[in-house]
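# Coordinate analysis (summary)
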Amino acid sequence: MTYFNRFACCLVNYGHTRSIICDVQRNNYYLIPNSLYILLTEEFPNFSIEEIYESYGKENEKHLKDYLNFLLVNEIGFIDTQIIKELLPLNLNYKVAESISSMIIDLDKESFFLENSVQIAEFIDTNRVKQLQIRCYDAIDLNLFFNFLNNLSATTLKGIEIILPYKMKLENRLINKNIINSNDKIYRLIYFGCNETKHDKYLNRMIIYVEDKIINKKSCGLISSKYFNSNLETYTLSNSHNSCLHKKISIDSEGNIRNCPSMPQSFGNIKDTALDEALSHPDFKKYWNLTKDSIEVCKDCEFRYICTDCRAYTERTHTNSEGLDTSKPLKCGYNPYTGEWEEWSTNPLKEKAISYYGMQDLVR
C-alpha cells in the first residue's frame, strides 16, 4: 500500500467554484478543482492510493493519476508506505505581542506634524510598532520630510515603506539617495504616475516605479491578484483577523487619527488627542477581528486568506448584528461564483456605492 502525504506548509482553501493550495513556505499558490480539494482533505489523509483508485473506479483512474502527478511535480507532498503522523498541521493562530504592529501616515505640504514628530516617535517606541507606511499624494517640502524621517530613525521601527509621486523624483535626481540616507530603516520606495513599471535598487533598498495614477486616499483599497500574498504571516493573519486593519493605526494628512486614513471614523486629532488615547476608544478595534469568512461574497472566495481587505470602501450592502459593514470590498472585480475577474469600476451594481464615495473622477 502507498499513501500520499501532504507537506504541512501546503494549506488548502475551499472556494465556491474552485479551491487553492497555498505553499506558505515558498509564498506560492495553485488553483485546483474542488474535487482535488476533497481528495486532499478527506481521501488522502485516511486511505491508501490503491484504495482510492478502487473506490473511484476505472473511469476516473486517469484523472486521479493526473492529480497525483500535479501534486508530486509541484512538491505539494510525497508518497510513502504509510501516513506520516509526524506531519502535524501548522498552528494557524496569529499572535503579535505588540499592541500596534503597523502604522500609516499620510503627508502633504500642509501637514503640521511634519515639523514635530515627537509624539509619533514616542508612540512608536511605547507600543513597539514595527512597520510604517508613509504616503504622499503630491510634492512636499523635502527638507521637512528628511527631518521627519530622521526623527523616526532611532525608534523601534523595523521597516519603512514610502509612496511618492514620480514628479518629486523628476524634480530632484538625488532624492533616492537623500531619502534612504535619512533613515536606515527604509526598505522600499514606490513612485506612482510613472511612464513605465520597473524596479531599481540603491544601497540594497528596493525602488519601484509604477504607472498607477494615485490621486488621493480614495485611490486606496484596490483588490487585485498582484497584491495576493501566500506567505504564512498573511495566511494566519487573514484566517483569524482582518487582513487590513488588525493592530493598525493611521494619521491622515490633516492629523486625524483613524484605523486607516480612508476610514470615515476619526478618533481625534494629534493636535489635542494622544495616539494612545485614540487607541483606547471603544470603537477603535471594532473591525480588527472581522475576517473574510464573515464578509459577503468573500466568504465563498478561494483567495480569502491571501487577499487584503478594505472596510473603507465597500459595496454597502450588508451589516452584521453588531452594526459592522460586512459588504464585499467595492474595488474587487473578482466573482468567486464564476471564477472570473472583471473591471470593478464598470460594474453597474457598484454605481450607487461609487457615487456615495464620490469616486466618479477616479473611475472615468
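Per an unreviewed UniProt entry, the protein goes by the name SPASM domain peptide maturase, grasp-with-spasm system and belongs to Chryseobacterium oranimense.

What follows is about the overall build of the protein. Summing up its helical and strand segments, the protein has eleven helices and 15 strands in all. In terms of overall dimensions, the protein has C-alpha extents of about 75 × 45 × 45 Å along its principal axes. The proportion of buried residues among the 364 residues of the protein is 49%. Taking the contacts inside the protein whose residues are at least 6 apart along the sequence as the reference set, 64% of them involve residues at least 24 apart.

Within the open sheet, the three strands sit side by side as 2-3-4. Their pairing is antiparallel. Sheet topology places strand 2 (10–13) and strand 4 (28–32) at the edges, where each strand pairs with a single neighbour. The average undirected angle you get between the axes of adjacent strands in this sheet is 20°. Bridge count for strand 3 (residues 19–23) against strand 4 is five bridges, and the pairing is antiparallel. What sits directly across from Cys 22, in strand 4, is Tyr 29.

Moving on: the domain arrangement of the protein. For the protein, the assigned domains are domain 1 (3–80) and domain 2 (102–215 + 248–280). Between the C-alpha centres of domain 1 and domain 2 the distance comes to 44 Å.

Another point: helix 8 (residues 232–240). Of the positions making up helix 8, those classed as buried are Thr 234, Tyr 235, Thr 236, Leu 237 and Ser 238. In this structure, the buried side of helix 8 is in contact with strand 2 and strand 3.

This paragraph deals with the packing of aromatic side chains. The tally for this structure, following the rule as stated, stands at 19 aromatic pairs. With a centroid separation of 5.5 Å and an interplanar angle of 90°, the aromatic rings of Phe 112 and Phe 113 are classed as edge-to-face. Within the aromatic cluster, the residues linked to one another by ring pairs are Tyr 29, Phe 228, Phe 303, Tyr 334 and Trp 341. A cation over an aromatic ring shows up here: Lys 198 above the ring of Tyr 209, its NZ or CZ 5.1 Å from the ring centre. When the ring centre of Tyr 356 is taken as origin, the NZ or CZ atom of Arg 316, which lies over that ring, is 3.6 Å away.

Below, the discussion takes up the pairing of strand 7 (residues 131–136). The buried fraction of strand 7 amounts to five of the six residues, a majority that puts the element mostly inside the structure. The parallel pair strand 6 (residues 102–107) and strand 7 is bridged by helix 4 (residues 118–127), and the resulting crossover is right-handed. With respect to chirality, the unit in which strand 7 leads through helix 5 (residues 142–151) into the neighbouring parallel strand 8 (residues 159–165) is right-handed.

So, about the sheet that holds strand 11 (residues 205–209). Strand pairing in a sheet relies on backbone hydrogen bonds. The paired strands run either parallel or antiparallel. Pairing is mixed across the open sheet formed by eight strands, whose spatial order is 10-11-9-8-7-6-12-13. In this open sheet, the two strands that pair with only one neighbour each are strand 10 (198–202) and strand 13 (257–258). Here six bridges tie strand 6 to strand 7, and the two strands are oriented parallel to one another. In the sheet register, Asp 106 faces strand 7, and the bridge partner there is Arg 135.

As a packed pair, helix 5 and helix 7 (residues 175–182) sit with axes 8 Å apart at the nearest point and diverge in direction by 30°. As judged from the angle between their axes, helix 5 and helix 7 are roughly parallel. Of the residues in helix 7, those touching helix 5 at Leu 142, Phe 145, Phe 146, Leu 149 and Asn 150 are Ile 175, Asn 178, Ile 179 and Ser 182. Of the residues assigned to the contact of helix 5 with helix 7, the class counts are six nonpolar, three polar and no charged.

All of the buried residues in helix 5 are Leu 142, Phe 145, Phe 146, Phe 148 and Leu 149. Looking straight down helix 5, one finds that the buried residues subtend no more than 160° of arc, so they occupy a single side.

The biggest cluster of nonpolar side chains holds 64 residues, and the ones touching the most others in it are Met 103, Leu 107, Ile 134, Phe 145, Ile 162 and Ile 179. Ranked by the residues each element gives to this core, the list is headed by helix 5, at five residues. Those residues in contact with Ile 162 that lie beyond four places of it in its chain are Ile 134, Phe 145, Leu 149, Ile 179, Ile 186, Arg 188, Leu 189 and Ile 190. Leu 36, Ile 76, Tyr 305 and Cys 332 belong to the second largest nonpolar core, which has 32 residues in total.

Another point: the side chain of Ser 250. In this structure, Ser 250 sits in strand 12 (residues 248–251). Since its relative accessible area comes to 0%, Ser 250 is described here as buried. A polar atom in the side chain of Ser 250 sits 3.0 Å from the backbone oxygen of Asn 259. Residue contacts for Ser 250: discarding those within four places in its chain leaves Ile 104, Asn 256, Ile 257, Arg 258, Asn 259, Cys 260 and Pro 261.

Counting across every chain of the model gives zero disulfides. Cys 136 carries a free sulfur, and the closest cysteine sulfur to it, the one in Cys 194, is 14 Å from it. Note on Cys 136: relative accessible area 0%, which makes it buried. As a non-bridged cysteine, Cys 244 has Cys 260 as the owner of its nearest cysteine sulfur, 5.4 Å distant.

Here the focus is the pattern of salt bridges. Evaluation of the coordinates by the stated rule reveals 15 salt bridges. A salt bridge links Arg 26 to Glu 75, with the nearest nitrogen and oxygen atoms 2.6 Å apart. With Arg 26 in the loop between strand 3 and strand 4 and Glu 75 in the loop between helix 3 (61–73) and strand 5 (77–80), this residue pair connects regions lying 49 residues apart in the sequence. Judged by its relative accessible area of 46%, Arg 26 falls in the partly exposed class. Exposure remark for Glu 75: the relative accessible area of 40% places this residue in the partly exposed category. Lys 130 is paired through a salt bridge with Glu 98; the nearest N and O atoms lie 3.4 Å apart. Of this pair, Lys 130 sits in the loop between helix 4 and strand 7 while Glu 98 sits in the loop between strand 5 and strand 6, and the two are 32 residues apart along the sequence. What you see here is one network of salt bridges that share partners, running through Lys 58, Glu 61 and Lys 65.

Thresholds, definitions, all that
Residues numbered from 1 in each chain as written. Predicted model: local features only at pLDDT ≥ 70, side-chain atom pairs only at ≥ 80, totals over all residues. Heavy atoms only, no water. Helix = DSSP H or I, 4+ residues; strand = E, 2+ residues; numbered from the N terminus. Buried < 20%, exposed > 50% of the residue type's maximum accessible area, 1.4 Å probe, protein only. Contact = heavy atoms within 4.5 Å. Pairing = 2+ DSSP bridges. Axes fitted to C-alpha atoms, helices over the stretch in contact; angles between N-to-C directions. Domains from an automatic or database assignment. Phe/Tyr/Trp six-rings, centres within 6.5 Å; stacked < 30°, edge-to-face > 60°. Lys NZ or Arg CZ within 6 Å of the ring centre and 35° of its normal. Right-handed = clockwise from strand over helix to strand, strands pointing away. Parallel < 35°, antiparallel > 145°, perpendicular 65-115°, else oblique. Nonpolar A, V, L, I, M, F, W, Y, C, P; charged D, E, K, R; others polar. Arc of directions from axis to C-beta. Core = buried A, V, L, I, M, F, W, Y, C linked by side-chain atoms within 4.5 Å. Polar contact = N/O pair within 3.5 Å; in protein donor to acceptor, adjacent residues only side chain to side chain. Disulfide = S-S within 2.5 Å. Salt bridge = Lys/Arg side-chain N within 4 Å of Asp/Glu carboxyl O.

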